[in-house]
2 protein chains.
Amino acid sequence: MQSPTWRDPVTAADRVLLQIQQAIVEGQIAPGSKISEPELAKKYDLSRAPLREALARLERCHLIERTPNAGARVVKLSVAGLLSLYELRETLEGLACRLAAQHMTDDEIAQVQQLLDQHLSTQRVREGESYYQEAGDVDFHYRVILGSKNPYLINLLCDELYFLVRMYRVQLGMNGPRVSRAFDEHKAIINAIANRDGELADLLMRRHIGASRRNIEQHFKQQGN
Amino acid sequence: MQSPTWRDPVTAADRVLLQIQQAIVEGQIAPGSKISEPELAKKYDLSRAPLREALARLERCHLIERTPNAGARVVKLSVAGLLSLYELRETLEGLACRLAAQHMTDDEIAQVQQLLDQHLSTQRVREGESYYQEAGDVDFHYRVILGSKNPYLINLLCDELYFLVRMYRVQLGMNGPRVSRAFDEHKAIINAIANRDGELADLLMRRHIGASRRNIEQHFKQQGN
DNA sequence: TTGCATGATATTGTCGACAATTTAAATTGA
DNA sequence: TCAATTTAAATTGTCGACAATATCATGCAA
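Read on for a plain summary of the structure. (Residues numbered from 1 in each chain as written. Chains lettered and ligands numbered in written order. Predicted model: local features only at pLDDT ≥ 70, side-chain atom pairs only at ≥ 80, totals over all residues. Heavy atoms only, no water.)

**Details of the protein's contact with DNA strand D**
And then number 1: Around DNA strand D sit 20 residues in total, of which A:R48, A:R52, B:T11, B:A12 and B:S47 are the nearest.
And then number 2: Counted by atom, the contact set of DNA strand D within 4 Å of the protein is 71% sugar and phosphate.
And then number 3: A distance of 2.5 Å separates a phosphate oxygen of DNA strand D from a polar side-chain atom of B:T11.
And then number 4: Here a phosphate oxygen of DNA strand D sits 2.4 Å away from a polar atom, N or O, in the main chain of B:A12. (Near = heavy atom within 4 Å. Polar contact = N/O pair within 3.5 Å; in protein donor to acceptor, adjacent residues only side chain to side chain.)

**So, the sheet that holds strand β3 (residues 71–74) of chain A**
Residue and element names in this part refer to chain A.
And then number 1: Pairing is antiparallel across the open sheet formed by three strands, whose spatial order is β1-β3-β2. Strand pairing shows two members of the sheet lacking a second neighbour, β1 (34–35) and β2 (64–67), which therefore form its edges.
And then number 2: As paired strands, β2 and β3 are joined by four bridges and run antiparallel to one another. The residue bridging E65 from the neighbouring strand is R73, located in β3. (Pairing = 2+ DSSP bridges. Helix = DSSP H or I, 4+ residues; strand = E, 2+ residues; numbered from the N terminus.)

**What to know about the relation of the copies chain B and chain A**
And then number 1: Overlay of chain B on chain A (RMSD 0.0 Å): rotation 180°, translation along the axis 0.0 Å. Accordingly, the operation relating the two chain copies is best matched by a two-fold axis.
And then number 2: Mapped onto chain A, 100% of the interface residues of chain B again fall at the interface, so both copies present the same surface. (Least-squares fit on C-alpha atoms with pLDDT ≥ 70 in both. Contact = heavy atoms within 4.5 Å.)

**What about the protein's contact with DNA strand C?**
And then number 1: Taken together, the neighbourhood of DNA strand C is formed by 20 residues, with A:T11, A:A12, A:S47, B:R48 and B:R52 sitting nearest.
And then number 2: Within 4 Å of the protein, the contacting atoms of DNA strand C are 71% sugar and phosphate, with bases supplying the remainder.
And then number 3: Contact between DNA strand C and A:A12: a phosphate oxygen at 2.4 Å from a main-chain N or O atom of the residue.
And then number 4: The separation between a phosphate oxygen of DNA strand C and a polar main-chain atom of B:I35 is 3.1 Å.
And then number 5: Among the elements of the structure, α1 (12–25) and α3 (48–60) of chain A together with β1 (34–35), α2 (37–43) and α3 (48–60) of chain B are those that each provide at least two residues to the surface near DNA strand C.
And then number 6: With three residues, α3(A) is the single largest residue contributor to the surface near DNA strand C.
And then number 7: Along the lines of polarity and charge, the residues of the surface near DNA strand C split into 10 nonpolar, five polar and five charged. (Nonpolar A, V, L, I, M, F, W, Y, C, P; charged D, E, K, R; others polar.)

**Description of the interface of chain B and chain A**
And then number 1: If you look at the interface, chain B gives 29 residues, while chain A gives 29 residues.
And then number 2: Overall, the association of chain B and chain A removes approximately 2500 Å² of surface from exposure, summing both partners, and the carbon and sulfur fraction of that is 59%.
And then number 3: If you sort the residues of chain B by the area they bury against chain A, B:R60, B:L88 and B:Y152 come out on top, with a joint share of 26%.
And then number 4: Connecting chain B to chain A are four salt bridges.
And then number 5: As a salt-bridge pair, B:E59 and A:R60 come within 3.8 Å of each other at their nearest N and O atoms.
And then number 6: For the pair chain B and chain A, the number of links is four residue pairs in polar contact (both at pLDDT 80 or more).
And then number 7: No other element matches helix α4 (residues 79–103) of chain B, which puts 10 residues into the side of chain B that touches chain A.
And then number 8: Looking at the side of chain B that touches chain A, its residues break down into 14 nonpolar, six polar and nine charged. (Buried area = accessible area lost by both parts, 1.4 Å probe. Salt bridge = Lys/Arg side-chain N within 4 Å of Asp/Glu carboxyl O.)

**Some remarks on unusual backbone geometry**
And then number 1: Phi is positive for A:D45, close to 60°, though the residue is something other than glycine.
And then number 2: Relative to the helices and strands, A:D45 resides in the loop between α2 (37–43) and α3.
And then number 3: Relative accessible area serves as the criterion here: at 69%, A:D45 is assigned to the exposed category.
And then number 4: Positive phi outside glycine occurs at B:H62, with the angle close to 65°.
And then number 5: Inspection of the secondary structure assignment puts B:H62 in the loop between α3 and β2 (64–67). (Buried < 20%, exposed > 50% of the residue type's maximum accessible area, 1.4 Å probe, protein only.)

Structure below.
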């Protein structure tokens, strides 16, 4: 899926950003490990200038943390961090729904409904294909977020928080048991938006994400991390 | 006021960032105008490397917009943009209040209450000192945001959105008529937090910021910008 | 005159090297 | 042996120059 918010990588910094992003999200570069500029520059065969540009953007989406004169480290995953992230998402995507109910065109809404029907049919083939499920889930949330028409909100969710959410999902294996219910919840949300009931859409989305959050909370009960 | 979220500028990029930030916020570099790297490098007497680092961070807080191979421009202010920004703030600071009611210590709450009393007494001296008023307002909001203890939320509001809000305030002269009411509203909010009533604090903060937003909406009714 | 192609100019992106700072190792003293 | 201090190595921050791209001016054709 190509996002409407990403540009295709025209510059060397763009390309190496995508590679490192993927490497971090998938855990090929271990959480907490130090980022060595000379090492990565050699590995990806470019100079440190575009690499540092990429690092600046990685910091922007919270995948690394930099300290002056000391370099960058990949973020460490923690339950507390994950919960903080979901706290934010809950509220932000709720807002996105409320705004989407105001600003989405009937056409855009119809497209999302059609999208969900497609997901339903392809899912009916057989469940357990959690990859497609994830893609579909991401796609739905993206559409709603874009539907909010609020540029700051869109940038925030799609560019800054998205990769971190993905990193947690991939590395902590959060494709949980809430696979079948998600479709119904998505359906209910888009229906509320179609009825221009922003308040309800907001509530349903917060409940939708909140359920995931509580799911995680329970899963990690009394465990260090 | 020095924010707990900012580090003191140890590097050349840090220093020039602060200077350009201020220049943009105060309009010394006109909105919409192009950023010339060679020009600025000469003006601030450093090479383009730290300057580009600074530009990357300026993009992060939405003060400039960059396009590949074409350079950076200072953001243009628009009523639509301002409203989008306030939409976000309304929800985010509401969330901050809800979380602050959960996570602030009694001590921290007492400090904020004490802070408000100080503001009240210094304001009683005479009104119209909107600069101190603004500083006090910022200070209050900061404390609550930090009280949320959510690192993503804190980073978002204090580092990414703060300067843009400030830029709008300074350049559109938004130190409006809502000076005296603000104190009472602040007081009500911190009281709700003190009572651990997160829901009420959330509501009051949203109303507090929403009032400003509607104030702006009305002020710019049927005007292009 | 208008629109498009061509070339000159300026700007951004990238590179390799040096300076400043941090980190690790080695040395000294108790 | 251990702690503190000094020295050495490695890493980050900064610089100036070159390459790639875009912008603007000029000229040409319709």
